[in-house]
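# A structural walkthrough
Each chain, letter by letter, is given below.
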Amino acid sequence: MNRQEFRARCLSRPLLLDGATGTELMKRGLPVGVCPELWAVEHPAELGAIAAAYGASGSDIVYACTFGGNRAKLEEFGLADRLVEINSRAVQIAKESLRNATLVAGDLAPTGKLIEPYGDFAFESAVEIFREQASALLAAGADLIVVETMLDIQEARAALIAVREIAPAAPVMVSLTFGDNGQTLTGTDPVTALVTLQALGADAFGCNCSVGPEMMTEWLRALKPYSTIPLFAKPNAGQPRIVNGKTVFPMDAAAFAAHFPALVAAGANLVGGCCGSSPEHLAAAATAIKNLPALPPPRRSVNAVTSMRGTVFIGKDAPFAAIGERINPTGKKKLAAELRAGKLTIARQFALEQTQNGAALLDVNMGAAGVDEKYLLTAATKILSTLTPCPLCLDTANPEAMAAALRVYPGRALLNSVSAEAARLEKMLPLARQYGAMAIVLPVTDGGVPETLDERKTVALKIIDAAERAGLARDDLVIDGVVMTASSAADAPRVTADFVEWCARDLQMATTAGVSNVSFGLPAREQLNLAFLGLLMSRGLSAALVNPSVSAMMDLAAATDALLNRDKNFARYLRRFAEVAPAATNDNAPLGATNNKEKSPREKVYACVIDGDDAAITGALQSALATATAQDLVDAALLPAINQVGDWFEKKIYFLPQLMLSAAALSAGFKFLEPLLTKSVETPAAKKIIMATVKGDIHDIGKNIVCLLLRNYGFDVVDLGKDVTAAAIVETALRKKITVVGLSALMTTTMTEMPQVIAYARAHGGEHLQFMVGGAAVDETFAAAIGAYYAADAVAAVKLAQRLTD
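Residues numbered from 1 in each chain as written. Predicted model: local features only at pLDDT ≥ 70, side-chain atom pairs only at ≥ 80, totals over all residues. Heavy atoms only, no water.

The next thing to look at is the environment of R300. Inspection of the secondary structure assignment puts R300 in the loop between α13 (279–289) and β11 (304–307). Judged by its relative accessible area of 84%, R300 is exposed. Between the alpha carbons of R300 and M173 there is a distance of 18 Å; along the sequence they are 127 residues apart. (Helix = DSSP H or I, 4+ residues; strand = E, 2+ residues; numbered from the N terminus. Buried < 20%, exposed > 50% of the residue type's maximum accessible area, 1.4 Å probe, protein only.)

Put into structure tokens, the structure is as follows:
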């Protein structure tokens, strides 16, 4: 099956996916603690019976049992050398057990590792792992690939890129797992994930696991207006509960299936089940959606760019988008010198300042003389995409640097730029297509900038035609007005304004401009820039490269948006100017530590933690030690800063990537101060805690994050790892005289081990032990029922551990 055939089938009627596999394997004898994929292929009758049951229930697509079949997961069982065998056999068993009309999807799932920059797992390593598994699946005859249960948009991108590189024509479905807050573990919302992944080449996008069908219905309604590809949903059969020591899902087949017409009406083209669903659930769902129409994607393209944590629409009545222009070494000697030294401290500072001052996107240019531009642009892309919620506009004429940066960017970037110059046209358009970027179109030829309006129109149409032939849509492009200085060509500003108006009105395309070029060589430049921005916005300008620190420029843009009705009900205008609007403070501004005032040495230390700048914190501490003791800096800067980060994390102002960066900065700060603290002050003994993922569960991302944060808060953490028996946990606690134990479980099939650990403790001298539990399937009700405390996330775990160890 190719991508076109897959799309046609999805739009012919709502398709039915399968349900849970793990729980069905357990019903048929899968022991706890073994590799499910190996056990399944070694028991082909049992695995085949599950596939056949889903086929008989009406499932159009059945997932092969390869969820944990990637090298990273198989290595944990010593099975990496059997990867091809296990994946191939799983596909073969499914195909042999199903009718010809039922498709088999090769299943790619998380590696269990955190990808750089907030983890230590290289992006290319993830791509290679998925490439290896996908190759085995497709060679074995899988009809399509499904990438599922992804917690991180970057890992989802790695899997999708891997499949596209080995099988450009293979259909690929991608689903992420969103919490009940509507975000992934790393802070990506469903619309942002959709815009990113459909541009990158996904053939269907959806959500699976974590929540029930009601919440997924809401997400689908939000997604459908922006979809260019089919959508799908695989909800759980409700929130799991423990009854008589077993995991039970509250929705029976009838209750589960009753939600499926609403899922289809909200826009799902494919529906199925995740945890707690069975062939009986899917059979009921098949009846519920029978004869319902499939709603096609409403759009062919979307004029939006994304970061890891948000989406910015450009053009088509969207608000004006200020593209922060400051991360560019041209005319900035200090920045250029720092880049030549391989440092990004000033770039980080500019990113934070521009974000705080209202930039919608950030232009990133590393083109200084004497630098390795490919290395620097890639490094800047990794760190800035984690540091700020603003999407990045990657600005380089070097195709190799552009390709490297686009590859690791965890969103949909804006490529700056594509001109009609032969070399740029031939090399940049394929990169925009390959990595799903929007692109700035610059009507410039090998002969230079066209002077007249008609000449610019001709060149613009030439580039647009080439872009469409390369597979890009007009919504994927932003046309640059090409601003020339008024002092050298008096008619140039009018030509630019007329050109912008033609692009916006006649072509219905987004536009941008480098506004400040108009005033070069003239006095009172700010006044000319302001006047020109207002003129261009009145002609339809969608975005512009500006300095957001110039408040008059941002004020003018906000007021003009309101007057042009691009700011519905004056909402943003009122937030900016109304007297009742609160000023940005550390309580409501995620970048509140960074501002334009000169900071004291202690404030600089505080800012390094807030901004997650582990590279600068040592220097900041060295300076601060001239006027403060090491203990003062811990008490008045480091700890208040990480507490502020924790507060923002709880309020969903900060997300996991920022939390990890701040934790790394804090750790670097403590490491630097540690010798001084030991000499100058008698420090209390560190509080101790045991952390473990319970028996049968090999997922430990969440546990590892908690361990990292606990250590950064001064805890002595005994990390027992994953798949740990009750006896090992309790015996370690008793031997080391540790009274607080943290238990983690990701899977609904292993959360039942948590009460077993507590029961073992009560029966073997551990009545005094206190347990805190967490994980995707765990909630406060479950924790209370088994006699434990509940931690919803890493910050909550730290606060709970502090309370339990006081």
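Now that the structure is up, let's keep going.
Bringing the packing of aromatic side chains into the picture now. The description of an aromatic ring pair rests on the distance of the ring centres and on the angle between the ring planes. Within this structure, the stated rule accounts for 7 aromatic pairs. Linked through ring pairs, F570, Y573 and F577 together constitute an aromatic cluster. Its end group placed over the ring of F121, K113 keeps NZ or CZ at 5.6 Å from the ring centre. Sitting over the face of the ring of Y63, K234 holds its NZ or CZ atom 3.8 Å from the ring centroid. (Phe/Tyr/Trp six-rings, centres within 6.5 Å; stacked < 30°, edge-to-face > 60°. Lys NZ or Arg CZ within 6 Å of the ring centre and 35° of its normal.)

Right, let's get into the packing of helix α28 (residues 701–712) against helix α32 (residues 794–805). Axis separation between α28 and α32 bottoms out at 9 Å; the angle between their running directions is 50 degrees. Considering their axes alone, α28 and α32 lie oblique with respect to each other. For α28 against α32, the interelement crossing comes out right-handed. Listed contacts from α32 to I705, V706, L709 and L710 of α28 are A794, V795, A797, V798 and A801. (Axes fitted to C-alpha atoms, helices over the stretch in contact; angles between N-to-C directions. Parallel < 35°, antiparallel > 145°, perpendicular 65-115°, else oblique. Left-handed = near helix turned anticlockwise from the far one by under 90°. Contact = heavy atoms within 4.5 Å.)

The subject of this paragraph is the pairing of β11. Going residue by residue along β11, you find A304 and T306 tucked away on one face and V305 and S307 tucked away on the opposite face as well. Between β11 and strand β12 (residues 310–313), which pair antiparallel one after the other, the connecting turn spans 2 residues. (Pairing = 2+ DSSP bridges.)

The omega torsion of the bond from N416 to S417 falls at 15 degrees, within 30 degrees of zero and hence cis. Summarising the element assignment, S417 is placed in strand β16 (residues 414–419). Although it is not a glycine, D317 sits at a positive phi angle of roughly 70 degrees. Unlike most non-glycine residues, Q508 shows phi in positive territory, near 55 degrees. Within the secondary structure, Q508 is located in the loop between α20 (492–505) and β19 (510–512). You can call Q508 partly exposed: its relative accessible area is 47%.

Time to look at the nonpolar core. L176, F205 and L415 are the most contacted members of the largest nonpolar core, which has 205 residues in total. The greatest single-element share of this core, amounting to 10 residues, is contributed by helix α26 (residues 630–650). Excluding anything up to four places from it in sequence, L415 contacts L394, M402, L406, M428, L431, A432, A437, M438, A439 and I440. One finds V718, A745, M754 and V757 within the second-largest nonpolar core, a separate group that totals 27 residues. (Core = buried A, V, L, I, M, F, W, Y, C linked by side-chain atoms within 4.5 Å.)

Turning our eyes to something else, we now look at the sheet that holds strand β10 (residues 268–271). The strand order across the open sheet formed by 8 strands is β1-β10-β7-β6-β5-β4-β3-β2, and the pairing between neighbours is parallel. Pairing within the sheet leaves two strands with one partner each, and these edge strands are β1 (15–16) and β2 (61–63). Pairing between strand β4 (residues 144–150) and strand β5 (residues 172–176): 4 bridges, direction parallel. Residue pairing in the sheet places V147 in a bridge with V174 of β5. Strand contacts of helix α1 (residues 3–12): β1, β2, β3 (103–108), β4, β5, β6 (204–208) and β10, with the helix running at about 95 degrees to β10, the strand carrying the most contacts.

On to the sheet that holds strand β24 (residues 770–774), then. In space, the 5 strands of this open sheet follow the order β22-β21-β23-β24-β25, with parallel pairing throughout. Two strands lie at the open edges of the sheet, namely β22 (716–719) and β25 (789–790), each paired on one side alone. In this sheet, β25 lies alongside β24 in parallel orientation, the contact comprising 2 bridges. In the strand pairing of β25, M772 is matched with Y789.

It is worth spelling out the pattern of salt bridges at this point. Counted by the stated rule, this structure contains 34 salt bridges. When the shortest N-O distance is used, the salt bridge between R82 and E42 registers 4.0 Å. Separated by 40 residues along the polypeptide, R82 in the loop between α5 (71–75) and α6 (83–97) and E42 in helix α3 (residues 36–42) bring together distant segments of the chain. Looking at R82, the relative accessible area reads 25%, which means it is partly exposed. Classification of E42 by relative accessible area gives partly exposed; the value is 46%. Measuring nitrogen to oxygen at the nearest pair gives 2.7 Å for the salt bridge that ties R576 to D555. Taken together, the residues R576 in helix α23 (residues 571–577) and D555 in helix α22 (residues 551–563) connect sequence positions 21 residues apart. On the basis of relative accessibility, which here comes to 36%, the residue R576 falls in the partly exposed class. Counted as one network, the salt bridges with shared partners bring together D491, R494, D498, E501, R505, D506 and R539. (Salt bridge = Lys/Arg side-chain N within 4 Å of Asp/Glu carboxyl O.)

Quick look at a nonpolar patch on the surface now. Together, L563, F570 and L574 line one region of the surface with nonpolar side chains, adding up to about 320 Å² of accessible area. Inspection of the secondary structure assignment puts L563 in helix α22. (Patch = residues over 30% accessible without salt bridge, like charges linked within 9 Å, V, L, I, M, F, W, Y side chains within 5 Å. Areas by Shrake-Rupley, 256 points an atom, 1.4 Å probe, with all protein chains shown as cover.)

Here we come to the environment of I166. Along the chain, I166 falls in helix α8 (residues 153–166). As a C-alpha pair, I166 and E132 span 34 residues in sequence and 9.5 Å in three-dimensional space. Setting aside residues no more than four positions away along its own chain, I166 makes contact with R131, A134, S135 and L138.

Taken by themselves, the reported measurements are silent on function.
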